[in-house]
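Topology and contacts: notes
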Amino acid sequence: MNLFIIAAIILLIIIGSVARSGDSYLKTEAANPAEVQGTFTLLLYGSSSPNDLANIAILDREGDPYSFEIYAPDFSCTVQAGMNAALALQEAERFVRRNIQSERSRLHRVLSPAGAGIGFELRPLYSVGTFGRDDILDVRYSLKDRKIVVRIELDPSIEGQSTN
């Protein structure tokens, strides 16, 4: 019986360790441009060509305990620190609208695990008639030791359409 209890405890420890080692994904929610206030570091991803569909701007609020990092090669990202909210939002809008197929943009607030806003994302939206939906990006925010790792991918079905 003791061997069974020891095995069960070891199994629970292993399951707990595996569960805790996984990424903690952050949520986003719709935001209004008037809510973008303060000083930001602007992270611009994509736009390597006029036809690049995977463009996004991340506004990392300065002065909080979190920092954003885009999971991509350095050459695919540009970082501009110390920008006031109006200028950061203006530059983000200009950037995400560089693709001629972009019709408009969408602003979302990135939430900390406690639910507080710690930054924003601005992503391009495309014609539903062209791609079947307007939002064609898969963006995930994972938290590791106060660093928010941003993974950005083009939906695989869209990527197939864009190469044809």
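Let me begin by describing the structure that accompanies this report. (Residues numbered from 1 in each chain as written. Predicted model: local features only at pLDDT ≥ 70, side-chain atom pairs only at ≥ 80, totals over all residues. Heavy atoms only, no water.)

1. Description of the pairing of strand S7 (residues 102-111)
With three bridges joining them, strand S2 (residues 28-30) and S7 adopt antiparallel strand pairing. What sits directly across from Ala 30, in S7, is His 108. Here S7 runs beside strand S8 (residues 117-126); their pairing, made up of nine bridges, is antiparallel. Following the sheet pairing, Arg 104 is matched in S8 by Leu 125. Taking the residues that link successive antiparallel strands as the turn, the S7-S8 hairpin has five residues, and the phi of Gly 115 there is positive, at about 95 degrees. (Pairing = 2+ DSSP bridges. Helix = DSSP H or I, 4+ residues; strand = E, 2+ residues; numbered from the N terminus.)

2. Overview of the environment of Leu 44
Position of Leu 44 among the secondary structure elements: in strand S3 (residues 39-45). Between the C-alpha atoms of Leu 44 and Val 96, which are 52 residues apart in sequence, the distance is 8.5 Å. Contact partners of Leu 44, with chain neighbours within four places excluded, come to Ile 56, Ala 57, Ser 76, Cys 77, Thr 78, Gln 80, Glu 91, Ala 92 and Phe 95. (Contact = heavy atoms within 4.5 Å.)

3. Focus: the sheet that holds strand S5 (residues 67-70)
Here four strands make up an open sheet; going across it, the order is S1-S9-S10-S5 and the pairing mixed. Strands at the two margins of the open sheet, each flanked by one partner only, are strand S1 (24-25) and S5. Bridge count for strand S9 (residues 137-144) against strand S10 (residues 147-154) is eight bridges, and the pairing is antiparallel. Of the residues in S10, the one forming a bridge with Leu 143 is Ile 148.

4. Considering the pairing of S3
By the criterion of burial, S3 is predominantly enclosed, with six of the seven residues buried. Two elements, S3 and strand S6 (residues 77-84), share six bridges in a ladder whose sense is antiparallel. Within S6, the position partnered with Leu 42 by the bridge is Gln 80. Here S3 runs beside strand S4 (residues 56-61); their pairing, made up of six bridges, is antiparallel. Paired with Leu 42 across the bridge in S4 is Leu 59. (Buried < 20%, exposed > 50% of the residue type's maximum accessible area, 1.4 Å probe, protein only.)

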